[in-house]
Amino acid sequence: MAESERVPTERKRRRPTSSGVVLSADLIVDAARELIDAQGAPAFTVRRLGAALGADPSAVYRYFRNTEDLLLALADRLIGESMTGFTPTGDWAADLRDFGLRAYRSALRHPQIAVFSTVRVTGRPHEQHAVETGIGLLLQAGFDEAAAVRHYHALVDTALGHAALDAGVLRLAPAQRAADEQAWKDGYAGLPADEFPSLHRVREHLPAMAGSAVEPAIDLLIAALRRAVEQPGA
């Protein structure tokens, strides 16, 4: 049951706010997303949300029990958006890859929200359906129940772990990001060969360290899963 549906009906008033807007759980989640995208999660307060909605902050509590309840609903919304359009092709490995990258890219579209969305369990409908889908793909591949859960855990944590890391990079100031990229391009690549022979040998490839490693990581994991299916007990 959606969180907004668990709030007593009598608390969900349909009167317009002072700005003429009729509040709803979806409208509040939308406003919270815009506010956090613009100002960052640490700056988010219900008071600021109320101001953005043109409503008394207490109106939010007619739809959500507290701030955490609202943030979990927002995180669940992003999971639902990540799964929009996902259609299994019958190739479980390709579908798992798509599944993992969808979770990653959804978080990266909202790096300020990724502060909490990548580390919390929402327990809500969108997350429930996503977990059902991911574990279902692994069962389809032929893994037993325990292995399906274990491999799903590894896949999702790989995708969301990289999302949290890369979202942190996106939250850096542009000058900081540029300095880090330059360090790989010039600092590490220019180290003396006699002292750093391995780095000198790969110096032309070191700038790639400034980018995301999510796709290679997911590809390695899925390649290992393919081998486990094709060569059981190997």
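Residues numbered from 1 in each chain as written. Predicted model: local features only at pLDDT ≥ 70, side-chain atom pairs only at ≥ 80, totals over all residues. Heavy atoms only, no water.

S.K.: What exactly am I supposed to notice about the overall build of the protein chain here?
M.R.: Helix and strand counts for the protein chain stand at eleven helices and zero strands. Its helices and strands taken in sequence order, the protein chain reads α-α-α-α-α-α-α-α-α-α-α from the N to the C terminus. For the protein chain, the C-alpha radius of gyration of 22 Å lies well beyond 17 Å, the compact-globule estimate for 234 residues. Its C-alpha atoms put the protein chain at 70 × 50 × 25 Å along the principal axes. Within the protein chain, buried positions represent 37% of all 234 residues. Restricting to contacts in the protein chain with at least 6 residues of sequence separation, those with at least 24 account for 69%. Averaged over its 26 positive side-chain charges, the protein chain has a centre that lies 7 Å from the centre of its 30 negative ones. (Helix = DSSP H or I, 4+ residues; strand = E, 2+ residues; numbered from the N terminus. Rg over C-alpha atoms; globule rule 2.2 N^0.38 Å. Buried < 20%, exposed > 50% of the residue type's maximum accessible area, 1.4 Å probe, protein only. Contact = heavy atoms within 4.5 Å. Lys, Arg positive; Asp, Glu negative; His and termini not counted. Charge placed at Lys NZ, Arg CZ, Asp CG, Glu CD.)

S.K.: Any chance you could explain the confidence of the model for the protein chain here in plain terms?
M.R.: Caution applies to low-pLDDT parts of the model: their predicted coordinates are not meant to be read in detail. Averaged over all residues, the pLDDT of the protein chain equals 91, while 91% of them reach at least 70. Helix H7 (residues 125-141) holds the highest mean pLDDT among the elements of the protein chain, 98, whereas helix H1 (residues 3-6) holds the lowest, 38. Counted against residues more than four places away or in other chains, residues 1-11, with its pLDDT under 50, gives 20 contacts. (pLDDT = per-residue confidence, 0-100.)

S.K.: When you look at the side chain of Arg 77 in this model, what are you seeing that I'm missing?
M.R.: Following the sequence through the fold, Arg 77 ends up in helix H4 (residues 67-83). Overall, the relative accessible area of 17% leaves Arg 77 in the buried class. Among the polar contacts made by the side chain of Arg 77, one reaches the main-chain carbonyl oxygen of Asp 26 at a distance of 3.4 Å. Not counting residues within four places of it along the chain, the set of residues in contact with Arg 77 comprises Asp 26, Val 29, Asp 30, Arg 33 and His 126. (Polar contact = N/O pair within 3.5 Å; in protein donor to acceptor, adjacent residues only side chain to side chain.)

S.K.: Looking at this structure, I do not really get the packing of H4 against helix H5 (residues 92-109). What am I missing?
M.R.: Any two packed helices are characterised by how steeply their axes cross, that is the angle between the axes, and by the distance between the axes. Look at H4 against H5: their axes get within 9 Å of each other, and the N-to-C directions meet at 130 degrees. With respect to H5, the axis of H4 lies oblique. The two elements H4 and H5 meet at a crossing, and its hand is right-handed. Where H4 approaches H5, its residues Leu 78, Ser 82 and Met 83 are matched on the opposing element by Phe 99, Arg 102 and Ser 106. By residue class, the composition of the contact of H4 with H5 is three nonpolar, two polar and one charged. (Axes fitted to C-alpha atoms, helices over the stretch in contact; angles between N-to-C directions. Parallel < 35°, antiparallel > 145°, perpendicular 65-115°, else oblique. Left-handed = near helix turned anticlockwise from the far one by under 90°. Nonpolar A, V, L, I, M, F, W, Y, C, P; charged D, E, K, R; others polar.)

S.K.: So what exactly am I meant to see when it comes to the layout of surface pockets here?
M.R.: One simple way to see leftover space: roll a probe sized like a water molecule over the atoms. Roughly 510 Å³ of internal volume is contained in the largest pocket. Around the largest pocket, the lining is made up of 23 residues, and of these Ile 79, Glu 127, Tyr 152, Val 156 and Leu 160 lie nearest the centre. Within the residue set of the lining of the largest pocket, elements represented by two or more residues are H4, H5, H7 and helix H8 (145-170). Counting residues per element, the lining of the largest pocket draws most heavily on H8, at six residues. (1 Å grid on protein atoms, 1.4 Å probe; cavity = no way out; pocket = protein on both sides within 12 Å on 5 of 7 lines; lining within 4 Å. Points joined across faces, edges and corners; volume = space filled by probe spheres on them.)

S.K.: Just checking my understanding: could you explain the nonpolar core for this structure?
M.R.: As a rule of thumb, nonpolar side chains are buried together in soluble globular proteins. Counting residues in hydrophobic clusters, the biggest one holds 29 residues, and the most contacted among them are Trp 92, Leu 96, Phe 99, Leu 138, Phe 143, Ile 218 and Leu 225. Counting only elements with at least two residues in this core, the list comes to H5, H7, H8 and helix H11 (214-230). Excluding anything up to four places from it in sequence, Leu 96 contacts Gly 134, Leu 137, Leu 138, Leu 155, Ile 222 and Leu 225. In terms of nonpolar packing, the next biggest core, distinct from the first, is built from 26 residues, Leu 23, Ile 28, Leu 35 and Ala 75 among them. (Core = buried A, V, L, I, M, F, W, Y, C linked by side-chain atoms within 4.5 Å.)

S.K.: Quick question: what am I supposed to make of the pattern of salt bridges here?
M.R.: Close approach of charged atoms allows side chains of opposite charge to pair. Taken as a whole and judged by the stated rule, the model has eleven salt bridges. Between Asp 69 and Arg 124 there is a salt bridge; the shortest N-O distance is 2.4 Å. Of this pair, Asp 69 sits in helix H4 while Arg 124 is found in the loop between helix H6 (114-117) and H7, placing the two residues 55 residues apart along the sequence. Given the relative accessible area of 6%, Asp 69 is considered buried. In this structure, the salt-bridge partner of Arg 226 is Asp 91, at a minimum N-O distance of 3.6 Å. (Salt bridge = Lys/Arg side-chain N within 4 Å of Asp/Glu carboxyl O.)

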